[in-house]
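Architecture and fold: a report
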Amino acid sequence: MLKAGSLKLNQADKNILVGVGLRHTHFPYLESTQEKVCDFFEVISENFMNTLGRPRRMLDHVRKVHPIAMHGVSLSIASSDELDTKYLSQLRNLAQEINPIILSDHLCWTGGNAHNLHNLLPFPYTNEALEHVIERVQYVQDYLQRPLTLENLSAYLSYNKNEMDEIEFMNELCQKAGCSILLDLNNLYVNSVNIGFDAKKALSKINFDYVKQIHLAGYSDFGTHLFDTHSKEVQEPVWELLKLSKSKLSDQAILIEWDEDIPEFDVLLAEVSKVKEILKDKA
Amino acid sequence: MKLADFQKTFLNSIQDDQNIELQSLIKPAGTLSAAQAIQVYRGDYKARLSEAIGELYESIWYVLGDEEFFSVAKEYIESHPSSVKELGSYAKDFPIYLKTHPLSEDFPFLSQLAEFEQIFWKFFHQAETQIYDPFIDIEAKDLGASTFSFPEQCRLFSWPWSIDKIFEARSGESDQELDWDQPSSCMLVKLNQRISVFKLTHHQYRTLCNICNGDSIESSLEGNPEDVSSLFSLLRTQMIPLRKKS
């Protein structure tokens, strides 16, 4: 078994963590070891809110030696419906038990309270929406008593009368609401191709003081558009974006995301090692 | 356009295939048309919920095969918009839905099979149980008059069909001939971290139901001595954690 930790970062990079998602495919392997196998694990918050069974046992097992980041998909921070207080309460309870290093969700809405579409949906980047999201982020952070980190989306359509782009929206949101950014470089690249903008220029606009976490994943090319499938290795254009970002990184957590056609754990660790190789050459 | 109006239009467009209102408000990704871009989200919604139903009711998928399973899942999704946050909590009413579905004329056990699998998943997500020999500290002379309560993660079932057998076969090839036309009884129980299904004779089922209802061991017994002996052997060797009352 390859040990990701065997590859040491430079002193300057010592605070950057590189981890993977905790997925049930790897439970048998992880149950068999007490060792630290990566710098941290990220868990999908909703998968652990309503269980005391095997998933929760596994989480308790890995968190004995690994820091945990909680990543949600249902907060629906940009929804115009009321915040779901039952969901927030469950999220707070889990966070209090797990004490995650990062608590994140997506800058999106997921449907209405009466009709959840179970998807990360784009919304208009307007001043009205910005004010609305700022207010909700502040409420959620107060309620959870933790800072919130929000991820940029991959989207297959956008509102045609946006008053700003996603990055301007996020920078402004972080400044006014005190939250931070989970920068998904794969999403940024996918959107740059789908919507038609320069990913490198967009990257240069991001205020890295707000970036707390980075996601790396693989996309699929459907011919008509790129799709954020999380089903393969990180592709070259996304590695390029990481290389461009590395001089701005200091204490972020970087995650390899793989949710479809999940391979053996070794394959994920090989991706973790690639990240560490890139960061090692920081100077 | 106001955020709330955009989101309302978006939701209407996902719910109604014929609704084209959103098309004029958006810029589609890549070389997709506006209609195709909206279809990405429409298709995704149905795919995610179908996948969730497939994971929660694998045994129904096994019985019906792909075509009929996805057809009934689609009907269910169309008539049951999701209001849950976590996909594992969707389709709670699927067993009830199947009860009156025309497919139940061909497969009269569908609803009960779905209910059985639902309870299986409920146990899966419950905390592990401690196991112990339920009779270890009871003197033989006191056993007959003793009464017991059942652990929360233990359920008794009796059906006119071989539901436990179908459930057991659910991960296999679905082109096998199903022999489901036999009555069956069983106990579903979570022991430590493991969920087990123990086959019971009808008399053993009746005996356990009596115990569960608060009758003493002595007055619960049904069936011949072999039934009784193998039932008590099962309870002891598998360490089914019945709790002695008072």
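Residues numbered from 1 in each chain as written. Chains lettered and ligands numbered in written order. Predicted model: local features only at pLDDT ≥ 70, side-chain atom pairs only at ≥ 80, totals over all residues. Heavy atoms only, no water.

Turning our attention to the environment of V140 of chain A. All names here are of chain A. By the element assignment, V140 lies in helix 4 (residues 127–144). Expressed as a C-alpha distance, the spacing of V140 and L75, which sit 65 residues apart in the sequence, is 9.4 Å. Apart from the residues lying within four places of it in its own chain, the contact partners of V140 are L75, I77, L83, L88 and L148. (Helix = DSSP H or I, 4+ residues; strand = E, 2+ residues; numbered from the N terminus. Contact = heavy atoms within 4.5 Å.)

Turning next to the environment of E128 of chain B. With respect to the secondary-structure elements, E128 of chain B resides in the loop between helix 6 (110–124) and helix 7 (140–143). Taking C-alpha positions, E128 of chain B is 7.1 Å from L191 of chain B, a pair spaced 63 residues apart along the chain. Those residues in contact with E128 of chain B that lie beyond four places of it in its chain are L52 and R57 of chain A together with K190, N192 and Q193 of chain B. Looking at E128 of chain B, its side chain comes within polar contact range of the side chain of Q193 of chain B, at 3.4 Å. (Polar contact = N/O pair within 3.5 Å; in protein donor to acceptor, adjacent residues only side chain to side chain.)

All right, on to the interface of chain B and chain A then. On the chain A side, the residues contacting the 42 residues of chain B number 46 residues. Here chain B meets chain A over a buried area of about 3,900 Å², counting both sides, of which 58% is carbon and sulfur. Sorting the residues of chain B by area buried against chain A places L3, Y41 and K85 of chain B first, and these three jointly supply 21% of that buried surface. Seen at the junction of chain B and chain A, the total is 26 residue pairs in polar contact (both at pLDDT 80 or more). Listing elements by their share of the side of chain B that touches chain A, those giving two or more residues are helix 1 (3–15), strand 1 (26–28) and helix 2 (34–56) of chain B. Partitioned by chemical class, the residues of the side of chain B that touches chain A number 23 nonpolar, 11 polar and 8 charged. Bridging between strand 8 (residues 157–159) of chain A and strand 1 of chain B involves 3 bridges; their strand directions are antiparallel. The residue of strand 1 of chain B that forms the bridge with Y159 of chain A is I26 of chain B. (Buried area = accessible area lost by both parts, 1.4 Å probe. Nonpolar A, V, L, I, M, F, W, Y, C, P; charged D, E, K, R; others polar. Pairing = 2+ DSSP bridges.)

Residues and elements named next belong to chain B. Most of strand 4 (residues 184–191) is tucked away, with 8 of its 8 residues classed as buried. Here strand 4 shows no split at all, with S184, C186, L188 and K190 on one side and S185, M187, V189 and L191 on the other all buried. Bridge count for strand 3 (residues 154–159) against strand 4 is 6 bridges, and the pairing is antiparallel. Bridging from a neighbouring strand, R155 pairs with L188 of strand 4. Here 7 bridges tie strand 4 to strand 5 (residues 194–200), and the two strands are oriented antiparallel to one another. (Buried < 20%, exposed > 50% of the residue type's maximum accessible area, 1.4 Å probe, protein only.)

Right, let's talk about the pattern of salt bridges for a bit. According to the stated counting rule, one finds 24 salt bridges over all chains in the structure shown. R170 of chain B is the salt-bridge partner of E58 of chain B, the closest N and O atoms lying 3.7 Å from each other. A residue pair is termed long-range when its members are at least 10 positions apart, and E58 of chain B in helix 3 (residues 58–79) and R170 of chain B in the loop between helix 8 (163–168) and strand 4 qualify at 112 residues. For E222 of chain B, the salt bridge identified is with R206 of chain B, shortest N-O distance 3.8 Å. Here R206 of chain B lies in helix 9 (residues 202–212) and E222 of chain B lies in the loop between helix 10 (217–220) and helix 11 (225–237), a separation of 16 residues in the sequence. Residue classification places E222 of chain B among the partly exposed residues on the basis of a relative accessible area of 26%. Accessibility expressed as a relative area gives 30% for R206 of chain B, which makes it partly exposed. Here the salt bridges share partners, and the residues they tie into one network are R56, D60, R63 and E97 of chain A. (Salt bridge = Lys/Arg side-chain N within 4 Å of Asp/Glu carboxyl O.)

Attention now goes to the state of the cysteines. Residue and element names in this part refer to chain B. Scanning the entire structure with this criterion turns up 0 disulfides over all chains. In this model C154 remains outside any disulfide bridge; the closest cysteine sulfur is found in C212, 7.6 Å from its own. On the basis of relative accessibility, which here comes to 7%, the residue C154 falls in the buried class. Here C186 stays unpaired: no disulfide links it, and the sulfur of C154, its closest cysteine neighbor, is 10 Å away. (Disulfide = S-S within 2.5 Å.)

Put simply, side chains in a regular strand alternate between the two faces of the sheet. Burial along strand 2 (residues 41–44) of chain A is two-sided: the face carrying F41 and V43 of chain A and the face carrying E42 and I44 of chain A are both buried. As a crossover connection, the stretch from strand 2 of chain A through helix 2 (residues 54–62) of chain A into strand 3 (residues 68–71) of chain A is right-handed. (Right-handed = clockwise from strand over helix to strand, strands pointing away.)

Now for the side chain of D164 of chain B. All names here are of chain B. When you line up the elements, D164 lands in helix 8. Within the local environment of D164, its side chain forms a polar contact with the side chain of K199, the two groups lying 3.1 Å apart. When sequence neighbours within four positions are dropped, the list of residues in contact with D164 reads W159, S184, S185, C186, V197 and K199.

Here the focus is the packing of helix 8 (residues 236–245) of chain A against helix 9 (residues 265–280) of chain A. All names here are of chain A. Interaxial distance between helix 8 and helix 9 falls to 10 Å at its minimum, and their mutual angle equals 40°. The interaxial crossing formed by helix 8 with helix 9 has right-handed handedness. From helix 8, W239, L242 and K243 reach across to helix 9, where they touch E271, K274, V275 and I278. When its residues are assigned to classes, the contact of helix 8 with helix 9 shows 4 nonpolar, no polar and 3 charged. (Axes fitted to C-alpha atoms, helices over the stretch in contact; angles between N-to-C directions. Left-handed = near helix turned anticlockwise from the far one by under 90°.)

On their own, these measurements won't tell you what the molecule is for.
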